[in-house]
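Coordinates in review
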Amino acid sequence: MTARTTMKSPLGDLLLTGEETADGFRLRSLSLAGRYSSPPRYWVGGEYGPGTTPPGRQSTAGPFAAVVRQLDAYFAGELTRFDMPFATTGSDFQRRVWHELDRIPYGTTTTYGALAARLGLARDRVQALGAAIGANPLLVVRPCHRVIGADGSMRGYAGGVANKVWLLTHEGALQPSLL
């Protein structure tokens, strides 16, 4: 059974989806509410979908208790590394990229080029790398927000560049702006 719930966060409403497996409950996606539609729409697996529960899914907070506790602790500044099982999704290439995202330490950033080098990717594969990062279904907990441009610029983020800046500032990777 696939389950979903929402929770409040400093970034706005978060939509969590997960599934019960033989090994226990696994988080499938964590997404941010869409800002330009009503009723709320959520970024799920590379597309916006309505914030309603589809057939075959249940809306319940119960299975997400441990995930919500960790997210609350993260947003309170008390947790720097998530420890929760994820549902396996994505292509082999995407999973390789996402594994490297999981290795970027809290409070730091890396560039697309440095990430490509760690993966042994040729320069002409950086666009594919960016697409794999953009397809990450686990915003916040799989830290795609920690990847920035070589010039220090904030490149795209499915949750919006303002939220990327907020997350990096919250983690201490960026200094708060005086403006």
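Refer to the structure presented above.
Residues numbered from 1 in each chain as written. Predicted model: local features only at pLDDT ≥ 70, side-chain atom pairs only at ≥ 80, totals over all residues. Heavy atoms only, no water.

**Some remarks on the packing of aromatic side chains**
Using the following cut-off: The aromatic pairing rule takes the rings of Phe, Tyr and Trp, using the six-membered ring of Trp, and pairs them if the centres are within 6.5 Å, calling planes under 30 degrees apart stacked, those over 60 edge-to-face and the rest tilted. Relative accessibility under 20% of the residue-type maximum defines a buried residue, over 50% an exposed one, and the middle range a partly exposed one, all with a 1.4 Å probe and only protein chains included. Each helix is a run of H or I in the DSSP string that is no shorter than four residues. Each strand is a run of E no shorter than two, and both are numbered from the N terminus.
Counted under the stated rule, the structure contains five aromatic pairs. Aromatic side chains Tyr74 and Phe75 sit 5.2 Å apart centroid to centroid with 70° between the ring planes, which places their arrangement in the edge-to-face category. When its relative accessible area of 1% is taken as the criterion, Tyr74 is described as buried. Arranged with centres 6.3 Å apart and planes meeting at 90°, the rings of Tyr74 and Tyr106 form a pair that is edge-to-face. Here Tyr74, found in helix H1 (residues 65-75), pairs with Tyr106, found in the loop between helix H2 (92-102) and strand S7 (110-111); they are 32 residues apart in sequence, far enough to count as distant.

**Focus on the side chain of Glu171**
The line we're drawing: Pairing of N or O atoms within 3.5 Å defines a polar contact, subject to two protein rules: one partner must be a possible hydrogen donor and the other a possible acceptor, and residues neighboring in sequence count only if both atoms are side-chain atoms. The criterion used for residue contact is that any of the two residues' heavy atoms lie within 4.5 Å.
Structurally, Glu171 is set in the segment after helix H5 (161-170). Its relative accessible area of 5% is what places Glu171 among the buried residues. A distance of 2.7 Å separates the side chain of Glu171 from the side chain of Tyr74, its partner in a polar contact. With near-sequence residues (within four places) excluded, Glu171 lies in contact with Tyr74, Tyr106, Gly107, His145 and Arg146.

**Re the pairing of strand S3 (residues 24-32)**
To keep things clear, this is the line we draw: Should DSSP find at least two bridges between two strands, the strands are regarded as paired.
Counted residue by residue, S3 has seven buried out of nine residues, so it is predominantly covered. Two elements, strand S2 (residues 14-21) and S3, share eight bridges in a ladder whose sense is antiparallel. Of the residues in S3, the one forming a bridge with Glu19 is Arg26. Here S2 folds back onto S3 in antiparallel fashion, the turn holding two residues.

**Remarks on H5**
Defined as follows: The arc in question is the one traced by the directions running from the helix axis out to the C-beta atoms.
Those residues of H5 not exposed but buried are Asn163, Lys164, Leu167 and Leu168. Down the axis of H5, the smallest arc covering the buried residues is 135°, so these residues share one side. Those residues of H5 that are buried lie in contact with S3, H1, helix H3 (112-118) and strand S8 (147-148).

**Description of the pattern of salt bridges**
Spelled out, the test is: Counted as salt bridges are all cases of a side-chain nitrogen of Lys or Arg within 4 Å of a carboxyl oxygen of Asp or Glu.
For the coordinates displayed, the defined rule picks out nine salt bridges. Measuring nitrogen to oxygen at the nearest pair gives 3.3 Å for the salt bridge that ties Arg28 to Glu19.

**Considerations on the packing of H2 against helix H4 (residues 126-134)**
Definition in use: Every axis corresponds to a line fitted to the C-alpha atoms, with the helix fit spanning only the stretch in contact, and the corresponding angles, defined between N-to-C directions, vary from 0 to 180 degrees. Roughly parallel here means an angle under 35 degrees, roughly antiparallel means over 145, roughly perpendicular means 65 to 115, and every remaining angle is called oblique. The residue classification treats Ala, Val, Leu, Ile, Met, Phe, Trp, Tyr, Cys and Pro as nonpolar and Asp, Glu, Lys and Arg as charged. All others, Gly included, are polar.
It is at 9 Å that the axes of H2 and H4 come closest, and there the two elements cross at 75°. Compared by their axis directions, H2 and H4 come out roughly perpendicular. On the side of H2, the interface is formed by Phe93, Gln94, Val97, Trp98 and Leu101, while H4 contributes Ala128, Leu129, Ala132 and Ile133. Split by residue class, the contact of H2 with H4 holds eight nonpolar, one polar and no charged.

**Some words on the nonpolar core**
Heads up, the rule is: What is meant by a nonpolar core is a set of buried Ala, Val, Leu, Ile, Met, Phe, Trp, Tyr and Cys residues, joined one to another through side-chain atoms within 4.5 Å.
Ranked by size, the top nonpolar core spans 40 residues in total, and within it Leu16, Leu27, Leu71, Leu129, Ile133, Val140 and Val141 carry the most contacts. Those elements that place two or more of their residues in this core are strand S1 (2-7), S2, S3, H1, H2, H3 and H4. Examining the composition of this core, we find that five residues originate from one element, H1, more than from any other.

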